[in-house]
Amino acid sequence: MSDNSPRKAVVLVSGGMDSAVTIALAREQGYQVHALSVAYGQRHNSELAASDRVARMLGAIEHKTVGIDLRSIGGSALTADIDVPLDTVDSNDIPVTYVPARNTIMLSIALGWAEVLGSSDIWCGVNAVDYSGYPDCRPAFIEAFETLANVATKAGVEGAGIRIHAPLMRMSKADIAREGRRLGVDFSATVSCYQADSDGRACGHCDACRLRAQGFREAGLADPTRYA
């Protein structure tokens, strides 16, 4: 690849506000964005529709959705017949909305596609501040996965190496909302709710909705979320 060739990045896209801002940041840094979503058996398809909408809106040159069946192992309120907790009080326990190994699996798929594309850069919107207590949203996880990527791939052993970018890692939801405004992200196109309806309208009561609403409120921005 010549020095004048555009840099390619694989960006994981969930359809929510965090991944939208991540795409916008990658584009701002001059990357050609190859957006990747994973249909893993989540409760609703509206987040996948939002992923495609957001990827196109923010200038990704392509958007790929890969299917994998995590419902077959269950273990989460997002992939099994378990009620999503509503209006819960914060606790130190990992919530039932945690999907076992989800980020490990999605980053692994992104890693494979990055190798095929000849990309050294994978971007994701994981966050260690307002992250609902998920263990695979912490800096230690991202650092460990990057180490794995560089010992488990041809690109890591013979090529330029693999970098995992997590630009939102230490940002609050309010910080993310402000950054999205600076970058011109239309948050009304995103879907964050754990149990959004078929039109992408949010419940307003799950942890994802509460964190999102709090973020806009603390940022002093109008909440553009469409509620059921």
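Report on the accompanying structure. Since this is a predicted model, take the numbers as computed values, not measurements. (Residues numbered from 1 in each chain as written. Predicted model: local features only at pLDDT ≥ 70, side-chain atom pairs only at ≥ 80, totals over all residues. Heavy atoms only, no water.)

Moving on, we get to the side chain of Asn127. Inspection of the secondary structure assignment puts Asn127 in the loop between strand S4 (121-123) and helix H4 (139-152). In this structure the side chain of Asn127 is engaged in a polar contact, spanning 2.7 Å, whose partner is the backbone oxygen of Leu168. From its side chain, Asn127 meets the backbone oxygen of Met171 in a polar contact 2.4 Å long. Setting aside its immediate chain neighbours within four residues, Asn127 contacts Asp18, Cys137, Leu168, Met169, Met171 and Ile176. (Helix = DSSP H or I, 4+ residues; strand = E, 2+ residues; numbered from the N terminus. Polar contact = N/O pair within 3.5 Å; in protein donor to acceptor, adjacent residues only side chain to side chain. Contact = heavy atoms within 4.5 Å.)

The final tally for this structure, using the stated rule, is 10 salt bridges. Linking Arg178 and Asp175 is a salt bridge whose minimum nitrogen-to-oxygen distance equals 3.2 Å. Separated by 3 residues within a single helix, Arg178 and Asp175 lie in helix H6 (residues 173-183), roughly one turn from each other. The class for Arg178 is partly exposed, based on a relative accessible area of 34%. Of the charged contacts in the structure, one is a salt bridge between Arg201 and Asp199, with a shortest N-O distance of 3.9 Å. What makes Arg201 partly exposed here is its relative accessible area of 35%. Owing to a relative accessible area of 49%, Asp199 belongs among the partly exposed residues under this scheme. (Salt bridge = Lys/Arg side-chain N within 4 Å of Asp/Glu carboxyl O. Buried < 20%, exposed > 50% of the residue type's maximum accessible area, 1.4 Å probe, protein only.)

Pairing within the open sheet is parallel, and its 5 strands lie in the order S3-S2-S1-S4-S5. The outermost strands of the open sheet, each flanked by one partner alone, are strand S3 (62-67) and strand S5 (163-165). Direction aside, neighbouring strands of the sheet carry axes that sit 25 degrees apart on average. Pairing of strand S1 (residues 7-12) with strand S2 (residues 31-39) involves 6 bridges; the strand directions are parallel. Opposite Arg7, over in S2, you have Tyr31 as the bridge partner. Its contacts with the sheet place helix H2 (residues 46-57) against S2 and S3, and it is angled at close to 175 degrees to S2. In the packing of helix H3 (residues 102-117) onto the sheet, the strands contacted are S1, S2, S3, S4 and S5, and the crossing angle to S2 comes to about 140 degrees. (Pairing = 2+ DSSP bridges. Axes fitted to C-alpha atoms, helices over the stretch in contact; angles between N-to-C directions.)

A few words now on the environment of Gly156. As for its position among the elements, Gly156 is in helix H5 (residues 154-158). Residues Gly156 and Val84, 72 residues apart in the sequence, show an inter-C-alpha distance of 39 Å. Once residues within four sequence positions are removed from consideration, Gly156 is found in contact with Ala149, Asn150 and Gly161.

Looking now at unusual backbone geometry. If you check the backbone angles, Ala101 has positive phi at about 65 degrees while not being a glycine. The topology assignment puts Ala101 in the loop between S3 and H3. The partly exposed category is assigned to Ala101, whose relative accessible area is 32%.

By the element assignment, Asp136 lies in the loop between S4 and H4. Once the C-alpha coordinates of Asp136 and Ile109 are considered, the two residues, 27 residues apart in sequence, prove to be 15 Å apart. Setting aside its immediate chain neighbours within four residues, Asp136 contacts Tyr98, Val99, Arg102, Asn103, Val126 and Phe141.

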